[in-house]
Every structure is written in structure tokens, then in C-alpha cells.
Amino acid sequence: MTTAKIKLLRAREILDSRGNPTIEVEVITESGIRSVASSPSGASTGKNEARELRDGDNKRFFGKGVLRAVDNVNTKISALLRDRDYTNQDEIDKIMIEASDSEKLRFGANATTAVSIACAKAAARTKKIHLYQHISEMFNGTEHAPSFPIPFMNIINGGKHSGSGLAIQEFMILPVSLGKSVKESIRMGSEIYHQLGNILATKINKSAINVGDEGGFAPVLGHDELALSHISDAIMKCGYNIGKDVVLGMDCAASSFFDSSKGKYSIDNKLVNSEELLNYYCRLVDKYHIKIIEDPFQEDDIESFIRITEELGKKTSIIGDDIFVTNHSRITEGIRRHTANGVIIKVNQIGTLTEAIEAARVAFSDSWNVIASHRSGETNDDWLADFAVGIAANGIKAGAPARGERITKYNRLMQIEELSQMSSNLFS
Ligand code: 2PG
Ligand code: MG
């Protein structure tokens, strides 16, 4: 009989990086272990994501409070999971999935996500291993040498994440000379970020270095292409080789600049159709060494996804976020139709660790690029770094190399690298 039993779950309302409420869950085990995890929250959400439960009580936080989700953890989920073996993640998650609805709205995906991760943390502590090792064991079935993701650093913020007016949501740098280690790639990213800040402040003005939700700069540039051009200047000024040391990526989050009444995309003060948008991307890819394009079209424009994957997929990874929403059936369908060749994995988009791992597994089975991702509303919890290493993700999206809730993921990644180089496996 197992002794790894849940004694109590305790949830509370905390604030995320945007100052909105989110949920933190503490799991307390029979043996006295206490583990805490919190759920992040997105702004440019896919319409098929698992749903956060918000109170809708306009007297508190303009309706955004999460007291109902907190109460669900403290009462309903607690009753379901009490005395359960928290080292059996499959079982813990299955209980929540079966008692919930398909959108996870009954408990709130914000509640189930935090419970799921808090249990994984408790299990790792019980096994006296690190969270990334525990997730790796879950993912691979056995212990595996850690594999490190490339940091995808979002250094210019547009779309719903800033007031820059840029249509494209994220302009990212990927320090790809990973042979140089995680530490070195993070150093490169940080240098380029600061160099970009100098360029924007000098060429535009100081207000151009105000930042958006993910810590990237939010300059008012007028044209999206200028963001790529300033970033390229910053990379070169730092002495790095574009295309070799560093490549570029974009999360277009195109649903957010799609005008459904006109059936067109609004970018650079123009309305363009999907054909014109595809041509625009093709031009940018060649000119700026763009190796990642996430959500190039709105989430229902599957035909255009197929088109761009056909056209650019050999040289650029076409990544689906809003269209797949970390859902393994949607990814399976995407593989069948060649809708993309990469996927974003966000635990809170599906609501449990087990389902997120399953989604990643399906994507890997067709050699897709798998990117573990934060949300634009984050907390200082750093579990994402362990998750990314645990599933051997090709990349990790954690925002700019600035702002506490972003750098805590990058710092943890560097810590994991150091831990994995130590001969001893001792838990510290
Ligand atoms: C995205 C994410 C994270 P949000 O679109 O990939 O960068 O944004 O959390 O707002 O959905
Ligand atoms: Mg995205």
C-alpha cells in the first residue's frame, strides 16, 4: 500500500504578472510534504482552449476573480483526491478529467492545472529527484539524460500584448548555437535584448523601450517589418552571425489581427487576404532568417496553414498554437493533414500535465518541433523550465530575458543545466 497520499489541497487567489487574479494550489501530503504551484493565464487565447473559471462578479477584480476555482480545489477536487497517490500523475489527472466536462469549466482549467503541477512537484520531492527528472520519467517511462530547449526570446511585443500597434504579437530571437550551452545562449539573448534597447532609444526615443506583457520592447514602429530590421541590427551590432548564431522567429497570433467581418487580415494599415499575407511571410522569411512562424493565419483558416507548410515548411518551422490548443486529437488531425510541422505546448491550454505530455508525445511521433510555452500572464513559478527539459522540448518560449516572471524560467533552465552536469544526483 502506498504511503504517498494526499492529505489536503489548499488553494488561494494570487495575482499574475498583469495584476490579474490567478490561482495557487498547495498540496499537503500524509508524509508532511508541501508543494506549491500556480497557473498562468493567456490573453490571446485559442477558442478551443480548456476554460479558466472566473467569478464574473464585477464587484471584485472587474469580474476576473478566481474564488470559485479556489473553492472548487478546496472542496470538490480535494474530496476527489484525498488519500490518492500523488506520485501516480495519470490517476490524479484522470480523476479530475473524468469528473470534469470537456472544457474543464466545471472546476476551471486554472484550478486543474495548478493541482496537476503541484502534485508533480510533490511526487518529485518524494522520489528525491528534481521536477525535470520526474517529468522526464513520466514522459520516457525511464530515466533519461536531460535535453535542453532553445530559448525563444520575445524581444518585441505587439498584438494583444502591448500598445505598440504592431499586428504581429511576438518577435523572437533564437540563439541556436546551443553547443555553447544554455547559459551561453541566454547570455547572447540578453546582450541582443540590451543592444536592441539602445538602438530603439537612440533611433526613436526613450518611450520606444517601454515594455509589453512579456517583457519585450513595445515601440510604435508603424510597420511590422521594422521590428525585424531593428532586431537584425542589434544581433549584428553584438557581433553575432544571423542565420548561424541566432535566427529569428515570430508568433503572428493572426486570429488577433483577422477582421472576420471583412474576411481579411489587418497589418501595416492595410487589409490583406490570406494569399497576400502568405506572400508577405515568404518575403520576410528569406530576408530575415526566420526559422519559426507560429499561428501565421487565424485558427480556422486551415487551408492557409496547409499552404504555408507546403511552401515554407522545409526551411521554416510552421508552429500551431491556437489551432491545436495542446489537444492530442487536434495535433493528430494536424499531422494527418500537414497543417503545420510544429506545435506549442501549454499545460493550462488543456488543463493537466498528463494531457500536455500526451500532446507532446503525439507531435514528436511525427518529428514535429515541440515548443513548451509560458502564457502572457505569468507568475514567478518556474515549473515551465522543468517541463520543457522533462519532455525534451526543442524550444522554450518564456518571453524576454527581462522581468521577474520571465527570467525565473530562464534562470531555472541554467540551474538545471548546472545540476545535470554535476556527477552526483543528489536532491538539493
Ligand atoms: C502565445 C502566448 C504566449 P497568450 O500566443 O503563444 O506567448 O500568448 O498567453 O496571451 O496566449
Ligand atoms: Mg502563440
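Up top is the structure these notes are about.
These remarks concern the structure in this document.

Reading guide: rules and limits
- Residues numbered from 1 in each chain as written.
- Chains lettered and ligands numbered in written order.
- Predicted model: local features only at pLDDT ≥ 70, side-chain atom pairs only at ≥ 80, totals over all residues.
- Heavy atoms only, no water.
- Pairing = 2+ DSSP bridges.
- Helix = DSSP H or I, 4+ residues; strand = E, 2+ residues; numbered from the N terminus.
- Buried < 20%, exposed > 50% of the residue type's maximum accessible area, 1.4 Å probe, protein only.
- Phe/Tyr/Trp six-rings, centres within 6.5 Å; stacked < 30°, edge-to-face > 60°.
- Donors = N, O, S within 2.8 Å, 3.2 Å for Na, K, Ca; no water.

## Some remarks on the sheet that holds strand β9 (residues 270-272)
Consideration 1: Spatially, β7-β8-β9 is the arrangement adopted by the three strands of the open sheet, whose pairing is antiparallel. At either end of the open sheet lies a strand with only one pairing partner, and these are β7 (258-259) and β9.
Consideration 2: Here β7 pairs with strand β8 (residues 264-267) via two bridges, running antiparallel. Within β8, the residue paired with Phe258 across the bridge is Tyr265.

## Structural notes on the environment of Gly179
Consideration 1: For Gly179, the location among the structural elements is in the loop between β5 (170-175) and α5 (181-203).
Consideration 2: You can call Gly179 exposed: its relative accessible area is 87%.
Consideration 3: Placed 115 residues apart in sequence, Gly179 and Lys64 show a C-alpha to C-alpha distance of 44 Å.

## Comments concerning the environment of His130
Consideration 1: Relative to the elements of secondary structure, His130 occurs in the loop between α3 (109-126) and α4 (131-140).
Consideration 2: On the basis of relative accessible area, His130 is assigned to the buried category, the value being 7%.
Consideration 3: Taking the C-alpha atoms as reference points, His130 and His144, separated by 14 residues in sequence, lie 13 Å from one another.

## Remarks on the packing of aromatic side chains
Consideration 1: Going through the model one piece at a time under the given rule, you end up with nine aromatic pairs.
Consideration 2: Summarising the aromatic geometry, the rings of Tyr281 and Phe297 are spaced 5.9 Å apart at their centres and angled 80° between planes, so their arrangement reads as edge-to-face. Taken as a pair, Tyr281 in helix α7 (residues 274-288) and Phe297 in the loop between β10 (290-294) and α8 (302-312) lie far apart in primary sequence, 16 residues in all. An identical accessibility class is assigned to Tyr281 and Phe297; each is buried.
Consideration 3: Grouping aromatic residues by their ring pairs yields a cluster made of Phe257, Phe258, Tyr265, Tyr280, Tyr281, Phe297 and Phe305.

## Some thoughts on the coordination of the magnesium ion (ligand 2)
Consideration 1: Here the magnesium ion (ligand 2) is held by the protein donor atoms Asp251 (OD), Glu294 (OE) and Asp321 (OD), which lie 2.0 to 2.2 Å from it.
Consideration 2: If you list the donors of the magnesium ion (ligand 2) from N- to C-terminus, the spacing comes out as D-x42-E-x26-D. A residue pair is termed long-range when its members are at least 10 positions apart, and Asp251 in strand β6 (residues 246-251) and Glu294 in strand β10 qualify at 43 residues. The pair formed by Asp251 and Glu294 is uniform in burial state, with each residue classed as buried.

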